[in-house]
Amino acid sequence: MSGEQAAVSAAPAVRPARGWRAPVLLVLGVAAACYLPFILTERAIFGVRLSNMQLLNIGLTQVNLMMITLLGALSLNYLTGIAGLISIGHAAFYAMGAMAGAVFGTQLGLPFPVVLAGSALVGAATGVVAGLPSLRVRGLYFVLSTFALHYIVVFMLSEYQFRFFDVVGIPFEEATLGTFVLDTPLRWYFFLLVLCVLVYVGLRNSLRTREGRAMMAMRDHELAASAAGIDVRILRLKAFACSSAIAAVAGTLYSYYMTNVNAEFFTIDFAIQFVAIIIIGGMGSLAGSLVGAAVWLLLPAVITGFAAQIGSTDSAFGTLLTESKPQLVNLIFGSLVIVLLIFAPGGIAGIGRSLRDRLSVRVR
Amino acid sequence: MAAMLEVEGLSVGYARKGLALDDVSLVVPTGGIVALLGANGAGKTTLIRTITGLLPMHNGRVAQGRVRFAGVDITGMAAHRLVRLGLAQVPEGRLIFKQLSVEENLQVGAAFLPRGKVAERLEAVFALFPRLRERRRQAAGLMSGGEQQMLALGRALIGGPRLLLVDELSLGLAPLIVEAIYQQLMSVGETLGTAMLIVEQNAHVALEYAQTAYILDRGRIAMSGDAATVGASSAIADAYLGLAGEVPADV
Amino acid sequence: MLPQVLFSGLALGSIYGLVALGFALVFKATDVLNFAQGMFVVVGAFLAVTAGTQLHLPFALTLMFIVVAAALIGAAIQALLIRPLTGRSMLSIIMVTIALSIVLRALIEIIFGPQPRALTTPMPTGVFIVEGVRISQLHMLAAGVSWLCLGLFALFFRFTTFGLQMRATANGHEAALVSGINVDFVNRVAWAIGSVLAAIGGLFLAQLQLASTELEGIGLLALPAVVIGGLQSIPGAIIGGLLVGLIEQLASSYVSPRSADIFVYTLLLLVLMVRPWGLFGQRELGRV
Ligand SMILES: Nc1ncnc2c1ncn2[C@@H]1O[C@H](COP(=O)(O)OP(=O)(O)O)[C@@H](O)[C@H]1O
Ligand SMILES: [Mg+2]
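All figures in this text were calculated on a predicted structure; none of them were measured in a lab.

**Structural notes on a nonpolar patch on the surface**
All names here are of chain C.
Here is step 1: Judged by side-chain polarity, Met-1, Leu-2, Leu-6, Tyr-254, Val-255 and Phe-263 come together as a nonpolar surface patch covering roughly 590 Å² of accessible area.
Here is step 2: With respect to the helices, strands and loops of the structure, Met-1 is situated in the segment before helix 1 (2–30).
Here is step 3: By relative accessible area, which is 61% here, Met-1 ends up exposed.

Put into structure tokens, the structure is as follows:
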């Protein structure tokens, strides 16, 4: 029997189940998301104390940074996985966001929400510029143009930094939303959580619009999309503007969260980590971005945990764990990307999907 | 007479698609010339790709059946090894090396021959297609369609194959040129005793030269027999007009 | 000052040209833009450290060790990582090479530690002065060896059967298979050669500076070099390398050292916008 038939006959069987499952899952998810920061700050769950090991050595700050990274990953997945435009210069938009934050916030002293809005605009404008080569060149050549753009933007940021600040970096003030001061990780957590959910829901809904479907059509068959009366070139620029606006906002948030930013942060490796995250999570799957970002968060933490346990023994493995931790993290991260690319091109989201398909077939 | 090529119960599919070939069997006798006819999309090229080991390149796979070449099972064998065994092809779209010169194209085809034989074989191809000799230094991509087809043929013949598969030789060429190239091809067949499987959408041309013919219709053999019988039958019109039998069910 | 700058630019550019040639070869043969080429340069540098400084091999053996080991590494990468991805999306293939460079860097830093290593080889380090221009013997040697390699490859492509097969494969994989070429083997050899050329570049760069993973950035300059010269053109890669070397030296002498890369990448962007097929490529091939 063909897969299509299976899907058709399976759908009604699933739907009644979904009727109650979705809201329950949603409520549970919201509850968990709200309780998580308290677990991490109190280091206890429902009054039961947890060891560092049990908490995987994760602190709230790491979770917050993960959410900022998630914004970058979401925006890249939108651009690459959904609109089919490959960029390995995504760190450039973060850098633009940092620069916009420095000008609007640190130098002009505008309020934080205005700074974020300004940064989104600057990001969108940069995105349009970055997307311009896509009007002329395709494929590899376009990827290379994003690569070149990365170096040019980061150079601009470093020139700016040296002109107005110094080698130490650009300082950022405390972020405030009206009277709500983002002065603790806990407050940042809820702010970022809301933002991530908004961006996620926004991107998801945009995929259901005519333009969103056209974008996916463009990814799969450019000619077919053109034939359907879609101006592919405008659509590409829009995708770029939207994606880079989000990434720039993430860059501003990153700068404010770190309170100090240096042009040297935004290396090509910084850009590549986003690509790695969406490959691990699953290209074209927005939910996959979350999985990828979670791996990005957990991997170093788990290795630190191992190091703490084994580190005291003076085995070769112990020294390796303690002395070369960042290298080990990169080694595993890079290998994971390679293994997934070869054996599971859909990333972890793809693996999940095929497992679910198999299960649902078995149930029936 | 032993068969040069035997295809037995071959079923082939491409990724995410139903079967492109469904239980196809076909025989090319030693030294024989066989025509394989069928409408666009019937699966002719897929059959050639399966025989010549190009299927993996196109994400296709053999679901069932086998291919024997001179008695040896070659199902799934790598393409370059088949060429060295004497199974050459003129692929759909010719696929000459556009940036290399005419002579270099031919040399690539002769690369697996012993060094001493190359010059001699090159001469033989030039004798067959004098146009190629005139253009030997020219970049292959700059020649006319007919000349490019001659080059593709020359490249296939230079290794002295025992079996030659030709896919849509006439495509995009003027009838007079098609006629001339086929004449040359037939003279080669006679002198070297090369067996041939000639794939054509253009049934008249192929039937003129072949001894036997097969009609492929949506992945299945709709009819086979000697060329005259097949040519006179109504099956041929049906296959092209899409009236023959039921649509083969998926899987 | 200008002659001095021109000399260093051309000498460094020769090394870039060598690395870029390896890069272009891999691209032409296998259609893979190898972002790990910069890391291959680093691998070459540390192969030199292993053989020369740690195993105390004589220089001739060190050279052989570098060439053989680099070739094996390149071939193994083709077999294990690149071949399984045949026919997959461009992003997958690019990302595999990027992930590979992350893995290689981590491995090198774990094995050799994070500190840069000095290279001890009997290569000449003296300087002679011609009309006020300081000519470093090492630069001269690097340039000389680069040109020798480039010349040998030109002959190899032009006059050997295997060279012809490589050119044919670069022209089209299916066409090559149809003509009886073992495309997989040709690709593996292309990766081996690309890796060896990067490693030789790495040997010289490590001697001129220090062996460290920082050399990756220099090795990655092969990328703009190749594109500027023309992705499909072998001579273009070499000229692109020279051009990048000159631009770097001119910019760091007359503008500022920090700006050197920017001139290169701006030129890259301009070329991509105006002449995507590169300064020396053929127009028809620039369209993708
Ligand atoms: N690379 C491919 N991937 C998926 N389907 C293919 C591929 N090549 C051919 N097909 C499909 O297989 C069927 C047979 O095609 P083909 O063998 O090219 O027919 P013919 O040569 O007779 O015109 C067609 O339905 C075609 O769409
Ligand atoms: Mg066909």
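**Structural notes on the interface of chain B and chain C**
Here is step 1: Across the boundary between the two partners, chain B contributes 22 residues, which contact 20 residues of chain C.
Here is step 2: For the chain B and chain C pair, buried surface summed over both sides reaches about 1,900 Å², with 60% attributable to carbon and sulfur atoms.
Here is step 3: Summed over the three residues of chain B that lose the most area to chain C, namely His80(B), Phe97(B) and Gln99(B), the buried surface amounts to 27% of that side.
Here is step 4: Run the count over chain B and chain C and you get two salt bridges.
Here is step 5: In this structure, the salt-bridge partner of Arg167(C) is Glu104(B), at a minimum N-O distance of 2.9 Å.

**So, the sheet that holds strand 10 (residues 220–226) of chain B**
Residues and elements named next belong to chain B.
Here is step 1: Read from one edge to the other, the open sheet built from six strands follows the order 6-7-8-3-9-10, with strand pairing classed as mixed. The open sheet has two edge strands, strand 6 (87–90) and strand 10, and neither has a second partner. With strand direction ignored, the average angle separating the axes of adjacent strands in the sheet is 15°.
Here is step 2: Bridge count between strand 3 (residues 33–37) and strand 8 (residues 195–200): five bridges; the pairing is parallel. Bridge assignment links Leu-36 to a residue of strand 8, and that residue is Val-199.
Here is step 3: With respect to the sheet, helix 6 (residues 145–157) is in contact with strand 6 and strand 7 (163–167), its orientation differing from that of strand 6 by roughly 175°.
Here is step 4: Helix 7 (residues 175–192) contacts strand 3, strand 7 and strand 8 of the sheet and is inclined by roughly 155° relative to strand 8.

**Some points on the packing of helix 11 (residues 234–254) of chain C against helix 12 (residues 260–274) of chain C**
Residue and element names in this part refer to chain C.
Here is step 1: Taken N-terminus to C-terminus, the directions of helix 11 and helix 12 make an angle of 135°; their axes are 7 Å apart at the nearest point. On the basis of the axis angle, helix 11 is oblique to helix 12. Of the two elements, helix 11 crosses helix 12, and the hand of that crossing is right-handed. Contact residues: Val-244, Ile-247, Glu-248, Ala-251 and Ser-252 in helix 11; Ala-260, Asp-261, Phe-263, Val-264 and Leu-267 in helix 12.
Here is step 2: Here the residues of the contact of helix 11 with helix 12 sort into seven nonpolar, one polar and two charged.

**Comments concerning the coordination of the magnesium ion (ligand 2)**
Residue and element names in this part refer to chain B.
Here is step 1: For the magnesium ion (ligand 2), the full set of protein donor atoms is Thr-45 (OG1) and Glu-92 (OE), at a range of 2.0 to 2.2 Å. Of this pair, Thr-45 sits in helix 1 (residues 44–52) while Glu-92 sits in the loop between strand 6 and helix 3 (102–109), and the two are 47 residues apart along the sequence.
Here is step 2: Taking relative accessible area as the criterion, Thr-45 reaches 14% and is therefore assigned buried.
Here is step 3: On the basis of relative accessibility, which here comes to 35%, the residue Glu-92 falls in the partly exposed class.

Parameters at a glance
- Residues numbered from 1 in each chain as written.
- Chains lettered and ligands numbered in written order.
- Predicted model: local features only at pLDDT ≥ 70, side-chain atom pairs only at ≥ 80, totals over all residues.
- Heavy atoms only, no water.
- Patch = residues over 30% accessible without salt bridge, like charges linked within 9 Å, V, L, I, M, F, W, Y side chains within 5 Å.
- Areas by Shrake-Rupley, 256 points an atom, 1.4 Å probe, with all protein chains shown as cover.
- Salt bridge = Lys/Arg side-chain N within 4 Å of Asp/Glu carboxyl O.
- Helix = DSSP H or I, 4+ residues; strand = E, 2+ residues; numbered from the N terminus.
- Buried < 20%, exposed > 50% of the residue type's maximum accessible area, 1.4 Å probe, protein only.
- Contact = heavy atoms within 4.5 Å.
- Buried area = accessible area lost by both parts, 1.4 Å probe.
- Pairing = 2+ DSSP bridges.
- Axes fitted to C-alpha atoms, helices over the stretch in contact; angles between N-to-C directions.
- Parallel < 35°, antiparallel > 145°, perpendicular 65-115°, else oblique.
- Left-handed = near helix turned anticlockwise from the far one by under 90°.
- Nonpolar A, V, L, I, M, F, W, Y, C, P; charged D, E, K, R; others polar.
- Donors = N, O, S within 2.8 Å, 3.2 Å for Na, K, Ca; no water.

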